[in-house]
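Here is how the chains run, residue by residue.
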Amino acid sequence: MKPVPTLQWRDNALRLLDQRALPAEEIYIDCRSTAELAVAIKTLAVRGAPAIGIAAAYGAVIAAMETPQSKDFSENCCDLLDTLASTRPTAVNLFHCLDIQRKILLSSPSRDVAVHRLLNSAHRLFEEDLEASRAMGRFGADLLPKGCTVLTHCNAGGLATAGLGTALSVMYEAHSRGILSGVYADETRPLLQGARLTSWELQKAGIPVKVLPDSAAASLLLSGAVDAVITGADRVAMNGDSANKIGTYPLALAAFEAGVPFYIVAPVSTFDPLTPDGTTIDIEERGREELSIMGNRQLLPPGVMVYNPAFDVTPVRFITSIICERGVISSPSEIEW
Ligand code: MRU
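As the structure is a computational prediction, the values presented were derived from the model and not from experiment. (Residues numbered from 1 in each chain as written. Predicted model: local features only at pLDDT ≥ 70, side-chain atom pairs only at ≥ 80, totals over all residues. Heavy atoms only, no water.)

Describe the overall build of the protein, and please don't skip the residues or the numbers.
A count of helical and extended segments in the protein gives 10 helices and 15 strands. Here the C-alpha atoms of the protein give a radius of gyration of 20 Å, agreeing with the 20 Å that 2.2 N^0.38 yields for 337 residues. The buried share among the 337 residues of the protein stands at 55%. In the protein, once contacts between residues fewer than 6 apart in sequence are set aside, the share between residues at least 24 apart is 74%. For the protein, the accessible surface area stands at approximately 14100 Å², while carbon and sulfur atoms represent 54% of it. The distance from the centre of the 29 positive side-chain charges to the centre of the 38 negative ones in the protein is 4 Å. (Helix = DSSP H or I, 4+ residues; strand = E, 2+ residues; numbered from the N terminus. Rg over C-alpha atoms; globule rule 2.2 N^0.38 Å. Buried < 20%, exposed > 50% of the residue type's maximum accessible area, 1.4 Å probe, protein only. Contact = heavy atoms within 4.5 Å. Areas by Shrake-Rupley, 256 points an atom, 1.4 Å probe, with all protein chains shown as cover. Lys, Arg positive; Asp, Glu negative; His and termini not counted. Charge placed at Lys NZ, Arg CZ, Asp CG, Glu CD.)

Dropping the structure here:
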């Protein structure tokens, strides 16, 4: 299985598969400044917790390249890293990768050395993510019965990572073992990552996929048609509470009620050792236009306000297991840090 070309370092720029244009068009954009990359992250040209983190790691290389050598080099460069850190608050991978790069930056004796070390580090984070996705796929597929049908939410595939995805890596592995019948993909209102991205990825891989409105998931689960719900996460607290795309929590409740196992698939880089439980996770709120405009149609009367959180937190009691590259666990507090 070949990884999706979500992000690539080419000719001193970060090339992104522009996810805003999918599935209609497969176009690439080159980010050559941290300002361009910050816009790409904010507007979801690149998205998904691991992909945002790795994009920011390459962003640190760009920051060092665009900062002139001076006695304030590290300080000026760190300001650009802060710009990248301010793009989206929920996915912890962004902060994890920027922390790694900031340490490298501050310990480098010159701009040239910093650029070289930061690039090596970004490539390493990319490779680690790819390896993690393969391991998670294997651990996850071991939990699935023969001939299974699974349901997923948002896009937790290659498009959301540097590799094969988190939740979708399990589906790719199950497909290659011949045990996967098909996948239901929630459309994932309001930005439709399930309808636009997950169905695009699974179709390319030859995996049968059906898109459903988010509101149809609960009754589908109760009907017995689904063997497991599998999603990714943007931040997993130490007790296992997990933030993921808005709509994940109601899905977990519905799975619990229907007696269907609910799995979170996330690499260790999505675990947050500084967050004891889900109550303190910063949930991004996004703009009115995501709910008020569809194509060129205005959906809301002028002046009507919206509530548009991008994520919710699923309490650990509704999560059957968390699958990471080290194995199948109940919470990040079980692993050795
Ligand atoms: O707003 P997005 O599209 O960045 O949200 C992405 C998700 O919620 C994914 O499910 C999550 O990042 C896990 S992806 C491997």
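Right, picking up where we left off after that structure.
Please set out the site of the ligand residue by residue, giving values where relevant.
Around the ligand lies a shell of 19 residues, among which Arg-47, Arg-88, Asp-234, Asn-244 and Lys-245 are the nearest. Here Gly-48 contributes a backbone N or O atom positioned 3.0 Å from an oxygen atom of the ligand. One of the backbone N or O atoms of Ala-49 is found 2.9 Å from an oxygen atom in the ligand. Starting from 410 Å² of accessible surface for the ligand in isolation, the protein chains cover 100%. A molecule is said to occupy a pocket when more than half its atoms come within 2 Å of that pocket's grid points, and by this definition the ligand occupies the largest cavity. Taken together, the elements giving at least two residues each to the shell around the ligand come down to helix H2 (49-66) and strand S9 (242-245). A per-class count over the shell around the ligand returns 8 nonpolar, 7 polar and 4 charged. Counting the residues that make up the shell around the ligand, at least three belong to each of domain 1 (7-133) and domain 2 (143-334). (Near = heavy atom within 4 Å. Polar contact = N/O pair within 3.5 Å; in protein donor to acceptor, adjacent residues only side chain to side chain. 1 Å grid on protein atoms, 1.4 Å probe; cavity = no way out; pocket = protein on both sides within 12 Å on 5 of 7 lines; lining within 4 Å. Sits in = over half its atoms within 2 Å of the grid points. Nonpolar A, V, L, I, M, F, W, Y, C, P; charged D, E, K, R; others polar. Domains from an automatic or database assignment.)

Can you lay out the nonpolar core for me, pointing to particular residues and giving the numbers?
The biggest cluster of nonpolar side chains holds 41 residues, and the ones touching the most others in it are Leu-7, Leu-14, Leu-16, Leu-37, Leu-105 and Leu-118. For this core, the secondary-structure elements that each account for two or more residues are strand S1 (7-10), strand S2 (13-17), helix H1 (34-42), H2, helix H3 (73-85), helix H4 (92-106) and helix H5 (111-141). Ranked by residues supplied to this core, first place goes to H2 with 12 residues. Beyond its immediate chain neighbours, meaning those up to four positions away, Leu-105 contacts Phe-73, Ser-74, Cys-77, Cys-78, Leu-81, Ala-114 and Leu-118. (Core = buried A, V, L, I, M, F, W, Y, C linked by side-chain atoms within 4.5 Å.)

Outline the side chain of Gln-101, listing residues and values.
Along the polypeptide, Gln-101 turns up in helix H4. Among the polar contacts made by the side chain of Gln-101, one reaches the side chain of Ser-121 at a distance of 2.6 Å. When near neighbours in sequence (up to four residues on either side) are disregarded, Gln-101 contacts Ala-57, Ala-60, Leu-118, Ser-121 and Ala-122.

Summarise empty space enclosed by the protein; cite the residues concerned and give the values.
Evaluation of the coordinates by the stated rule reveals 2 cavities of 30 Å³ or more. Put simply, the largest cavity is a space of about 220 Å³. Broken down by element, the lining of the largest cavity gets its largest block of residues, 3 residues, from H2. Of the residues that constitute the lining of the largest cavity, the class distribution is 14 nonpolar, 9 polar and 5 charged. Empty space within the second largest cavity amounts to approximately 60 Å³. Looking at side-chain class alone, the lining of the second largest cavity contains 4 nonpolar, 3 polar and 4 charged residues. (Points joined across faces, edges and corners; volume = space filled by probe spheres on them.)

Please set out the domain arrangement of the protein residue by residue, giving values where relevant.
Entries for the protein in the domain assignment read domain 1 (7-133) and domain 2 (143-334). In this structure, domain 1 and domain 2 have C-alpha centres spaced 25 Å apart. With 29 residues of domain 1 at the interface, the matching set in domain 2 holds 34 residues. With both chains or domains summed, domain 1 and domain 2 bury close to 2500 Å², and 55% of this area falls on carbon and sulfur atoms. (Buried area = accessible area lost by both parts, 1.4 Å probe.)

Outline the sheet that holds strand S8 (residues 235-236), supporting the account with residue identities and numerical values.
One open sheet holds the 3 strands; their spatial order is S8-S9-S13, and the pairing between them is antiparallel. Of all the strands in the sheet, the pair left with one neighbour each is S8 and strand S13 (311-314). The pairing of S8 with S9 spans 2 bridges and is antiparallel. Note on S9: the bridge partner recorded for Arg-235 is Ala-243. (Pairing = 2+ DSSP bridges.)

Help me get a handle on a nonpolar patch on the surface, residues and values and all.
Taken together, Phe-139, Leu-143 and Val-328 make up a surface patch of nonpolar side chains, about 200 Å² in accessible area. Assignment of secondary structure puts Phe-139 in helix H5. The exposure class of Phe-139 is partly exposed, given its relative accessible area of 31%. (Patch = residues over 30% accessible without salt bridge, like charges linked within 9 Å, V, L, I, M, F, W, Y side chains within 5 Å. Salt bridge = Lys/Arg side-chain N within 4 Å of Asp/Glu carboxyl O.)

Any chance you could break down the packing of H3 against H4 for me, citing the residues and the numbers?
Where H3 contacts H4, the two axes come as close as 11 Å, and the packing angle between them is 175 degrees. Classified by the angle between their axes, H3 and H4 sit roughly antiparallel to one another. When H3 is examined against H4, the residues Phe-73, Ser-74, Cys-77, Cys-78, Leu-81, Asp-82, Leu-84 and Ala-85 are found in contact with a partner set consisting of Leu-94, Phe-95, Leu-98, Arg-102, Leu-105 and Leu-106. Residue composition of the contact of H3 with H4, by class: 11 nonpolar, 1 polar and 2 charged. (Axes fitted to C-alpha atoms, helices over the stretch in contact; angles between N-to-C directions. Parallel < 35°, antiparallel > 145°, perpendicular 65-115°, else oblique.)

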